[in-house]
Amino acid sequence: NNFSIAKYDGVKSWDIDGFSYTRQGWFTGRRFGKELNHYLESANKIDGTYRNQYYYGLGRHISARGLIWKKGFKGYCEIQKQIDNIDERYKVYYYEGIGYSLGKNIVKDESFMKNISSSIEKNISENIRYYIYLGVAKVLDERLTRQIRLTDILKSVDKKYWKIFYPLEAKNLFLQNN
């Protein structure tokens, strides 16, 4: 049921105006388990105006299932075949959602980036890595503190994607010097 989707950090369904398609995508796994074709069927039932939010949430869910757990790569590859067939304008949100979840793990453990960057390079095509790193940068921007050593994290990222992190470098220098 969709009621659990609307509950988040003490917010009840009657406290929000509208519906969170990001949350629906994020909790798709609870709803459909390993029935991957239902993931995309559910997306196709959503108005195109909001479908990007669903794919962003789905990316966050799949990241945890497919890129963080080594045994999850088989499942990731299966859904990846289906994701390759969706409209390009929604696909970028899916990959940004993946990056956001990866970024949350990097904030918790900086060495995680070393472990995951090789998986990104091997398993994610070059034309979509940008969106994954964009999601990582979003989390780092939200949660950057003095304790996070951004330069150590960037050592694991291919140099052609560093431009995404330039604003964070400036913020990091400010934090380190104050």
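Counting starts from 1 at the beginning of each chain's written sequence and moves along it residue by residue. Reporting of local features is limited, given that this is a predicted model, to residues whose pLDDT is at least 70; pairs of side-chain atoms are given and counted only at 80 or more, and all residues count toward the totals for whole chains, interfaces and linings. As a convention, hydrogens and water are excluded, and side-chain values are obtained from all of the structure's heavy atoms.

Asker: For this particular structure, what's the right way to read helix α11 (residues 166–177)?
Answerer: In an α-helix, one full turn covers 3.6 residues, which means residues spaced three or four apart are oriented alike. With twelve residues, α11 extends 17 Å between its outermost C-alpha atoms, agreeing within 8% with the 16 Å of an ideal straight helix rising 1.5 Å per residue. In this analysis, two residues are considered to be in contact whenever any of their non-hydrogen atoms come within 4.5 Å of each other. Only DSSP runs of H or I with at least four residues qualify as helices, and only runs of E with at least two residues qualify as strands; both kinds are numbered from the N terminus onward. Elements in contact with the buried residues of α11: α9 (126–143) and α10 (150–154). Working rule for helices: expected span equals 1.5 Å times residues minus one.

Asker: I tried to follow the environment of G25 on my own but got confused; where do I start?
Answerer: With respect to the helices, strands and loops of the structure, G25 is situated in helix α2 (residues 21–26). Under the scheme applied here, a residue whose accessible area is under 20% of the maximum for its type counts as buried, over 50% as exposed, and between as partly exposed, the area being computed with a 1.4 Å probe on protein chains only. On the accessibility criterion, G25 (0% relative accessible area) is buried. For G25 and G59, which are 34 residues apart along the polypeptide, the C-alpha to C-alpha distance reads 7.8 Å. Setting aside chain neighbours within four positions, we find G25 in contact with Y54, G57, L58 and H61.

Asker: Looking at this model, I keep getting lost on the packing of aromatic side chains. Mind explaining?
Answerer: Any Phe, Tyr or Trp ring, taking Trp's six-membered ring, that has another such ring centre within 6.5 Å forms a pair; planes under 30 degrees apart are called stacked, those over 60 apart edge-to-face, and the others tilted. This model, assessed by the stated rule, comprises nine aromatic pairs. Each ring, one from Y21 and one from Y50, has its centre 5.5 Å from the other, and the planes form 25 degrees; the classification is stacked. Remark: Y50 occurs in the loop between α4 (36–44) and α5 (51–68) and Y21 occurs in helix α2; sequence separation between them is 29 residues. Its relative accessible area of 38% is what places Y50 among the partly exposed residues. When the ring of Y133 is compared with that of Y161, the centres are 5.0 Å apart and the planes differ by 40 degrees; the resulting orientation is tilted. Placement of Y133 in helix α9 and of Y161 in the loop between α10 and α11 is noted, with a sequence separation of 28 residues between them. Of the two residues, Y133 and Y161, both sit in the buried class. Counting every residue linked through ring pairs, the aromatic cluster contains Y54, Y55 and Y90. Across the ring face of W26, the terminal group of R60 is positioned such that the distance to the ring centre comes to 4.0 Å. Here, a charge over a ring means that NZ of Lys or CZ of Arg falls within 6 Å of the ring centre while also lying within 35 degrees of the ring normal.

Shape descriptors only; they carry no functional weight alone.
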